Amino acid sequence: MRYLEVAGWKKNSCDDGPGIRSVLFLQGCSMNCPGCHNRDIQKRGEGSLMSIDEIISFVESRCHNKRITISGGEPLEQWEALEKLLISLKEKGFDICLYTGWDFRQIPEKVFKLVDYIKTGNFVMEKRNVDIHYVGSENQKMYHLTGDGVCELLDLRLSA
Ligand code: SF4
């Protein structure tokens, strides 16, 4: 599969992973979590189909600091094409952060070698916490991949 269903693009975000990043939102998520921030992009078939080459040239022309976050929706529900995109972005030297609602143990091992940061876990309303950077609820975690798939859990609590 060489196409991804894309929902949108955001520039200069400070909330979607470390540093100032551009965010590519992929369409569709089947988890339907109550309180989801991106409810309007949960349904597949309502986004734009873009080839990997189209996405790469779109990203290269807009993301000059080469820090990109891929979010959704649930990006890993489009894993086959997403893997190709991650490989291309990595070859081009992008710093990549992936936002997934999947639990750490559900994530294909290959992912950990292709990204620099990964946010895991779906949004859980009962665990909502606005004092943790980059996530919405306490069950969600952000990891830094330090090479060869080694994960370091980042402490994201905003200091009082
Ligand atoms: S996993 Fe994330 S994107 Fe999917 S429904 Fe839950 S909160 Fe929304």
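Shown above is the structure to which this text applies.
Residues numbered from 1 in each chain as written. Predicted model: local features only at pLDDT ≥ 70, side-chain atom pairs only at ≥ 80, totals over all residues. Heavy atoms only, no water.

1. As for the sheet that holds strand S1 (residues 3-13)
Applicable threshold: Note on pairing: two strands pair once DSSP finds at least 2 bridges between them. Counting from the N terminus, the helices are DSSP H or I runs at least four residues long and the strands are E runs at least two residues long. All axes are obtained by fitting lines to C-alpha atoms, using only the stretch in contact for helices, and the reported angles, taken between N-to-C directions, cover 0 to 180 degrees.
Pairing within the open sheet is mixed, and its eight strands lie in the order S3-S1-S2-S4-S5-S6-S7-S8. At either end of the open sheet lies a strand with only one pairing partner, and these are strand S3 (48-51) and strand S8 (151-153). On average, adjacent strands in this sheet sit at an angle of 30 degrees to one another, irrespective of strand direction. Pairing between S1 and S3: four bridges, direction antiparallel.

2. A short note on the nonpolar core
Under the convention used in this document: Among buried residues, those of type Ala, Val, Leu, Ile, Met, Phe, Trp, Tyr and Cys that are joined through side-chain atoms within 4.5 Å constitute a nonpolar core. For the exposure calls, accessible area comes from a 1.4 Å probe over protein chains only, and a residue counts as buried if that area is under 20% of its type's maximum, exposed if over 50%, partly exposed in between. Note on definitions: a residue-residue contact is assigned when non-hydrogen atoms from the two residues lie within 4.5 Å.
Grouped together as the largest cluster of nonpolar side chains are 30 residues, with contacts concentrated most on Leu82, Leu85, Leu89 and Ile118. Sorting the residues of this core by element identifies S1, strand S2 (21-26), helix H1 (52-62), strand S4 (67-71), helix H2 (79-91), strand S5 (95-99), helix H3 (111-114) and strand S7 (141-145) as the ones contributing at least two each. When residues no more than four places from it in sequence are discounted, the contact partners of Leu89 are Ile56, Val59, Ile68, Ile70, Phe94 and Ile96. Cys97, Tyr99, Ile132 and Val135 belong to the second largest nonpolar core, which has eight residues in total.

3. A closer look at the packing of H1 against H2
Threshold: Note on terminology: angles under 35 degrees are roughly parallel, angles over 145 are roughly antiparallel, angles of 65 to 115 are roughly perpendicular, and the others are oblique. The handedness criterion is simple: a crossing whose near helix is rotated anticlockwise from the far helix by less than a right angle is left-handed, and one whose near helix is rotated clockwise is right-handed. In this classification, the charged set is Asp, Glu, Lys and Arg, the nonpolar set is Ala, Val, Leu, Ile, Met, Phe, Trp, Tyr, Cys and Pro, and all remaining amino acids, among them Gly, are polar.
Following both chains from N to C, one finds H1 and H2 inclined at 40 degrees, their axes separated by 10 Å at the closest point. Judged by the inter-axis angle, H1 sits oblique to H2. By crossing handedness, the relation of H1 to H2 is classed as right-handed. Taken together, the residues of H2 that come into contact with H1 (itself represented by Ile52, Ile55, Ile56 and Val59) are Ala81, Lys84, Leu85, Ser88 and Leu89. Split into classes, the residues belonging to the contact of H1 with H2 amount to seven nonpolar, one polar and one charged.

4. A few points about the site of the ligand
Which entries qualify depends on this criterion: We call a residue near a molecule or strand whenever a single non-hydrogen atom of that residue lies within 4 Å of it.
Residues in close proximity to the ligand include Cys29, Met31, Asn32, Cys33, Cys36, Gln42, Gly73, Asn122 and Phe123, which together make up its full environment. Class assignment of the residues belonging to the shell around the ligand gives a composition of five nonpolar, four polar and no charged.

5. Overview of unusual backbone geometry
Negative phi characterises most residues that are not glycine, and trans characterises most peptide bonds. Here the bond from Gly72 into Gly73 is cis, since omega is 10 degrees, no more than 30 degrees from zero. Within the fold, Gly73 resides in the loop between S4 and H2. In the Ramachandran plot, Asn32 falls in the positive-phi region, its phi being about 55 degrees despite a non-glycine side chain. Looking at the secondary structure, you find Asn32 in the loop between S2 and S3. Classification of Asn32 by relative accessible area gives partly exposed; the value is 47%. Phi is positive for Tyr134, which is not a glycine, with a value near 70 degrees. Among the secondary structure elements, Tyr134 is positioned in the loop between strand S6 (117-120) and S7.

6. Structural notes on H1
Every α-helix carries 3.6 residues per turn, so stepping three or four residues along brings you back to the same face. Basically, it comes down to this: This arc is taken over the directions from the axis of the helix to the C-beta atoms.
All of the buried residues along H1 are Ile52, Ile55, Ile56 and Val59. The arc enclosing the buried residues of H1, seen along the axis, measures out at 100 degrees, which places them on a common side. Looking at the buried side of H1, the elements it contacts are S1, S2, S3, S4 and H2.

7. Some remarks on the pattern of salt bridges
Keep this limit in mind: Think of a salt bridge as a Lys or Arg side-chain nitrogen and an Asp or Glu carboxyl oxygen that are within 4 Å of each other.
In total, this model carries six salt bridges according to the counting rule given. A salt bridge links Glu5 to Arg44; the shortest N-O distance between them is 2.8 Å. Highlighted residues: Glu5 in strand S1 and Arg44 in the loop between S2 and S3, separated in sequence by 39 residues. Ionic pairing is found between Lys110 and Glu83, a salt bridge with its closest N-O pair at 3.2 Å. Of this pair, Lys110 sits in the loop between S5 and H3 while Glu83 is found in helix H2, placing the two residues 27 residues apart along the sequence.

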